[in-house]
Amino acid sequence: MEWNILGHEWAAELLARHIAREEARHAYLFCGPPGVGRRTLALRFAQALNCTNPPQPGQPCRACRDCTQTGLMQHPDLSILQVEEDSTMLKIEQVRELQRILSLMPYQGRRRVALLLRFEEANANAQNALLKTLE
């Protein structure tokens, strides 16, 4: 089974190879204009990382509990960081909470995964805090 990603086959193949060879990096940047499938690609990657029943290495089954929960963005080891409803920008407190969560052991899956959605809306302090984490 493939990742079923149109237009990003090369990226899906690269990410699947990283998982299959157990060479997944600690951070990936999915960039591009809105509507090209960045979130879908990131979610498939998260599914492949934590799939409990992969049909082959680096491929998500998209049917197991981990794949289903990740696809719905409800997996306990998947953290979604985005601007809160009552705010116009991402705050440093949100980044610090994400750092704390990512320092914990996974609860259900093999890895903890974080998706940072619309990070361009983060204030300068939040951007710097994330940069220090990635260093």
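Nothing here was measured: the structure is a model prediction, and the numbers come from that model. (Residues numbered from 1 in each chain as written. Predicted model: local features only at pLDDT ≥ 70, side-chain atom pairs only at ≥ 80, totals over all residues. Heavy atoms only, no water.)

Q: For this particular structure, what's the right way to read the packing of helix H4 (residues 92–102) against helix H5 (residues 124–134)?
A: Between two packed helices, what matters for the description is the angle formed by their axes and the separation of those axes. Running from N to C, H4 and H5 cross one another at 20°; their axes reach a closest spacing of 8 Å. It follows that H4 is roughly parallel to H5 by the angle criterion. Seen along the crossing, H4 lies across H5 with a hand that is right-handed. Two secondary-structure elements touch here, H4 through Ile92, Val95 and Gln99 and H5 through Asn125, Ala126, Ala129, Leu130 and Thr133. The residue makeup of the contact of H4 with H5, split by class, is five nonpolar, three polar and no charged. (Axes fitted to C-alpha atoms, helices over the stretch in contact; angles between N-to-C directions. Helix = DSSP H or I, 4+ residues; strand = E, 2+ residues; numbered from the N terminus. Parallel < 35°, antiparallel > 145°, perpendicular 65-115°, else oblique. Left-handed = near helix turned anticlockwise from the far one by under 90°. Contact = heavy atoms within 4.5 Å. Nonpolar A, V, L, I, M, F, W, Y, C, P; charged D, E, K, R; others polar.)

Q: Sorry, what's going on with the side chain of Arg44 here?
A: By the secondary structure assignment, Arg44 is in helix H2 (residues 38–50). A polar contact is formed between the side chain of Arg44 and the backbone oxygen of Trp3, at a distance of 2.8 Å. Every residue in contact with Arg44, bar those within four places of it in the chain, is listed here: Trp3, Asn4, Ile5, Pro60 and Arg62. (Polar contact = N/O pair within 3.5 Å; in protein donor to acceptor, adjacent residues only side chain to side chain.)

Q: Explanation requested: the pattern of salt bridges in the structure shown.
A: Close approach of charged atoms allows side chains with opposite charge to pair. Under the criterion given, the structure shown has three salt bridges. Residue Arg112 pairs with Asp77 through a salt bridge whose shortest N-O separation is 3.6 Å. Pair noted here: Arg112 is in the loop between H4 and strand S2 (113–116) and Asp77 is in the loop between helix H3 (65–71) and strand S1 (78–81), with a separation of 35 residues, a long-range link. Glu121 is the salt-bridge partner of Arg118, the closest N and O atoms lying 2.9 Å from each other. Residue Arg118 is classed as partly exposed on the basis of its relative accessible area, which comes to 48%. (Salt bridge = Lys/Arg side-chain N within 4 Å of Asp/Glu carboxyl O. Buried < 20%, exposed > 50% of the residue type's maximum accessible area, 1.4 Å probe, protein only.)

Q: Is there a simple way to think about unusual backbone geometry in this case?
A: Outside of glycine, negative phi angles account for most residues, and trans bonds account for most peptide bonds. Residues other than glycine seldom take positive phi values, yet Asn4 does so here, at roughly 60°. Inspection of the secondary structure assignment puts Asn4 in the segment before helix H1 (9–20). Its identity is not glycine, yet Glu22 carries a phi of approximately 55°, on the positive side. In this fold, Glu22 is placed in the loop between H1 and H2. Among the residues examined, Glu22 registers a relative accessible area of 71% and is labelled exposed.

Q: So what exactly am I meant to see when it comes to the side chain of Gln47 here?
A: Within the secondary structure, Gln47 is located in helix H2. Overall, the relative accessible area of 5% leaves Gln47 in the buried class. Beyond its immediate stretch of four places on either side in the chain, Gln47 contacts Pro60, Arg62, Cys67, Thr70 and Gly71.

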